[in-house]
Structures are given as structure tokens and as C-alpha cells.
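Chain by chain, the residues run as shown.
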Amino acid sequence: MLNWHDFDAVFQPKTDYAYDARTVESIIKHRKEFGDQLFFDRIWKTIGLTRPARNNYPPRSNQDLRNLWSKIVQSTAPDEQKLALLYYLLRDCRQLPNADSNFARRTYLPQRWQLLVAGLWELDHAQFSRALEHLTDPSLTPTFTDEILLTLLRHPKCEPSLATAYYIAMSPPLEDPVALEAYFELVISNNLVEAYYFAQRQNEARHKTLFEKLIVAVLEDSPGHARAERATLLVGLPLTDQEEGWFERCILDGTASKLPGAKDSLMARVIMMGRSASGSPALSRLKGDDIGGIDWEVVKAGIADAVPH
């Protein structure tokens, strides 16, 4: 078995090895793209290293690489975690053919760690499709799933469909509210009805928050045919009694109250459901835009006349 604690034994016969300038520049560039946090940094923290990873990675010289290797080896983490991070470093060693695979073979690094690190390495290098080939493998223990999803959602060069594919494949718990809301925005843009049912599957607090975001997202759309279609879908959703209350409060005095057409949407919902607007002073006073001599007053009067007394 390889003595992986010994830098010279691993890098023999090129013990003076250092990352080339192109590799260092590429890592720095990607670090900036990902908001100064790579998945290398997250693994770094899991092995108990407290000093910021950005101070150590990427290493710019042979001595920097030796120091980095030593810090990982001397950490108190289990050997498998340390080996995983060393394996990550070796994937950057482009001038040492098969350095990573030889290391994994000679240290008996479990396949699940190889899959995870390979996927996270590809992700840190903005190779999103290749990353998902590893990170969605059925044999992989889900790790960093919320963080991976959020990365896919936020990076401007990542296709949104990849984030959807990752969510479907891995079902991340979305414990991070930022990841939850970012993914929900994607679902809204793809399918309003699916977004509605997605919100219903959350706990009550999240359900209410996402439901209100759904309303706001529709009413914030730019005027046009697409907005009209989405608004029609919105007022036609099969709301529960609880959601009816949230809908009214959101529009009358909540986050959607000042958005164009908000109260019109509520009035349309009230009429569609066959309810009277008299119970709400705000709706009773609503006239809306005059279109060809017709406003909400005319519509309400027409409905009242049509109802048998």
C-alpha cells in the first residue's frame, strides 16, 4: 500500500512538482465565479481544518503544495476523508498522467469517495454536465446536495435543466431556505401549476411563504399575453380554504398589495368562485380599469341581476 503520508512517496519521481500557472489561474478564476467558495473548501472544513481554504488552495509552488499536503495528512479526520481531499488535489496535477487514479488504486480509496470527489472537482471547474454524471450515480451517498443544487441554480453558465435533473435524481432536502427559494423560482418559471403543488408539499410555514411568492411572481410579470395566461392560471388554482385566506391577505394588505392588477386578480377569483365581494370593503370599492365602458362595478351588477331573488 502506498505511504500517502509521505509527499515524496506519492510524487515520486517528480518530487519537485508544482501546479502550472495555467492551473493556478483557472482555479482562482473559478473561485471568483463561485463566490469565493469551492467544494474543495467544504471538504476542507469537514476534516476539521479551520484556516480559510483560500489561503492554501490553489498552491502556487512546490513548497505550498507540500505544506497543503501536510496539513491535510495531519488533520484529525478519518483517513477516508483525508484521502478524498488528497485525491482532489491530484486531479489538478495535469502534468502527472493518471496521478489521481493511481493514487486511488494504491490507497484503496472507496469508489463512493472517488465518485463524490470527481463530481465536486468537475463542479468546481464549471463542468456541470460531467459533474452530474458522477454526482447522480445511484451508488453515491447524497452529500452537499443543497449546496450542489444552489450552485447549479446560481452559476450563469449552467443550464437550468441541469438543476432540474439534479433535483429529480437526488431529491435534496432543501433545508437551506436560500436553496429552497432559488429552486422554487425555477419551478415557477417552468410550470406555474407544478410550483403550486410543490409549495403544498412543504410544511405549513414554508407552504405559506412559497404560495405568496407564487402570487407575487405572477403579478410582477411584465404586461402581455404570457402574464395574462399565468394570471388566469393563478386565479383558477384549486385553492384550499387556508390558501384562499392567504391569497386574500397577500393581495389586500400583504406583499402583493401594491402590484399592478393584484386586486383585479382577487376580484376575478371571487367572481369565479361565486362569492360576493361585499364582505371586503376593499373589494366592494374596486372599480378597476374601464374597458369599453365596462369595469368591475358593471360586472358585479350584471352578476347580481342574473342571480334569482
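Residues numbered from 1 in each chain as written. Predicted model: local features only at pLDDT ≥ 70, side-chain atom pairs only at ≥ 80, totals over all residues. Heavy atoms only, no water.

Per an unreviewed UniProt entry, the chain goes by the name ELYS-like domain-containing protein and belongs to Cladophialophora immunda. Under the heading Subcellular location (unreviewed entry), UniProt records this for the chain: "Nucleus". (UniProt positions renumbered as here; feature names shortened; annotations may be inferred.)

*Asks:* Where do I start with the overall build of the chain in this structure?
*Replies:* Tallying secondary structure elements over the chain gives 18 helices and zero strands in all. For the chain, buried positions account for 47% of its 309 residues. (Helix = DSSP H or I, 4+ residues; strand = E, 2+ residues; numbered from the N terminus. Buried < 20%, exposed > 50% of the residue type's maximum accessible area, 1.4 Å probe, protein only.)

*Asks:* Is there a simple way to think about the side chain of R42 in this case?
*Replies:* In this fold, R42 is placed in helix α3 (residues 39-46). Of the side chains with opposite charge, E147 lies nearest to the buried R42, which makes no salt bridge, at 4.8 Å. Ignoring sequence-local partners within four residues, the contact set of R42 consists of Q37, F144 and E147. (Lys, Arg positive; Asp, Glu negative; His and termini not counted. Salt bridge = Lys/Arg side-chain N within 4 Å of Asp/Glu carboxyl O. Contact = heavy atoms within 4.5 Å.)

*Asks:* Please clarify how the pattern of salt bridges should be interpreted in this entry.
*Replies:* Opposite charge on two side chains lets them pair, provided their charged atoms get close. In total, this model carries 15 salt bridges according to the counting rule given. Between D36 and R54 there is a salt bridge, with the nearest N and O atoms lying 3.7 Å from each other. You can see D36 sitting in the loop between α2 (21-33) and α3 and its partner R54 sitting in the loop between α3 and α4 (62-73), a full 18 residues away along the chain. D36 gets classed as partly exposed once you look at its relative accessible area, which sits at 32%. R201 is the salt-bridge partner of E194, the closest N and O atoms lying 3.2 Å from each other.

*Asks:* Explanation requested: the packing of aromatic side chains in the structure shown.
*Replies:* Where two aromatic rings form a pair, the distance of their centres and the angle of their planes describe that pair. Using the criterion set out here, one finds 17 aromatic pairs in the structure. An angle of 25 degrees between the planes, with centres 4.2 Å apart, marks the rings of Y167 and Y183 as stacked. Of this pair, Y167 sits in helix α10 (residues 160-170) while Y183 sits in helix α11 (residues 177-190), and the two are 16 residues apart along the sequence. By relative accessible area, which is 5% here, Y183 ends up buried. A cation over a ring is seen here: R42 above F39, with NZ or CZ 4.3 Å from the ring centre. Sitting above the plane of the W121 ring, R91 keeps its charged end 4.9 Å from the centroid. (Phe/Tyr/Trp six-rings, centres within 6.5 Å; stacked < 30°, edge-to-face > 60°. Lys NZ or Arg CZ within 6 Å of the ring centre and 35° of its normal.)

*Asks:* I would appreciate a short explanation of the packing of α11 against helix α12 (residues 192-200) in the present structure.
*Replies:* The angle between the axes and the distance between the axes are what describe a pair of packed helices. The contact between α11 and α12 brings their axes to 6 Å, and the two run at 145 degrees. Residues L180, Y183, F184, V187, I188 and N190 of α11 form the contact with α12, whose participating residues are L192, E194, A195, F198 and A199. (Axes fitted to C-alpha atoms, helices over the stretch in contact; angles between N-to-C directions.)

*Asks:* I tried to follow α3 on my own but got confused; where do I start?
*Replies:* Because an α-helix packs 3.6 residues into every turn, residues spaced three or four apart end up facing the same way. Burial analysis of α3 places six of its eight residues in the buried class, the great majority of the element. Along α3, the residues that are buried comprise F39, F40, D41, R42, I43 and W44. Buried residues in α3 make contact with α2, α4, α5 (79-91), α7 (111-124) and α9 (145-154). Once α3 ends, the next one or two residues include G48, with phi positive near 90 degrees.

*Asks:* What is the right way to read the side chain of E122 from this model?
*Replies:* In this fold, E122 is placed in helix α7. The contacts of E122, once residues within four sequence positions are left out, are R91, Q127, R130, A131 and H134.

*Asks:* Would you mind showing me how to read helix α6 (residues 99-107) here?
*Replies:* Along α6, the residues classified as buried are A99, D100, F103, A104 and T107. For α6, the angular spread of buried residues about the axis comes to 130 degrees, placing them on one side. Contacts made by the buried residues of α6 are with α1 (7-11), α4, α5 and α7. (Arc of directions from axis to C-beta.)

*Asks:* Quick question: what am I supposed to make of a nonpolar patch on the surface here?
*Replies:* Residues V193, Y197 and L233 make up a contiguous nonpolar surface patch of roughly 230 Å² in combined accessible area. Here Y197 lies in helix α12. Overall, the relative accessible area of 35% leaves Y197 in the partly exposed class. (Patch = residues over 30% accessible without salt bridge, like charges linked within 9 Å, V, L, I, M, F, W, Y side chains within 5 Å. Areas by Shrake-Rupley, 256 points an atom, 1.4 Å probe, with all protein chains shown as cover.)

*Asks:* It is not clear to me how the packing of helix α8 (residues 128-135) against α10 should be interpreted in this structure. Could you clarify?
*Replies:* The interhelical angle for the contact between α8 and α10, taken along N-to-C directions, is 5 degrees, at an axis separation of 11 Å. It follows from the interaxial angle that α8 and α10 lie roughly parallel. Residues F128, S129, L132 and L135 of α8 pack against L162, Y166 and M170 of α10. Class assignment of the residues belonging to the contact of α8 with α10 gives a composition of six nonpolar, one polar and no charged. (Parallel < 35°, antiparallel > 145°, perpendicular 65-115°, else oblique. Nonpolar A, V, L, I, M, F, W, Y, C, P; charged D, E, K, R; others polar.)

*Asks:* Please explain the confidence of the model for the chain as it appears in this structure.
*Replies:* Across the chain, the average pLDDT comes to 89, with 89% of residues at or above 70. pLDDT under 50 marks residues 289-295. Its contacts with residues more than four places away, or in other chains, come to seven contacts. (pLDDT = per-residue confidence, 0-100.)

*Asks:* Help me understand the environment of V187 in this model?
*Replies:* Relative to the helices and strands, V187 resides in helix α11. Placed 23 residues apart in sequence, V187 and T164 show a C-alpha to C-alpha distance of 8.4 Å. Sequence-distant contacts of V187, defined by excluding residues within four places in its chain, comprise E194 and A195.

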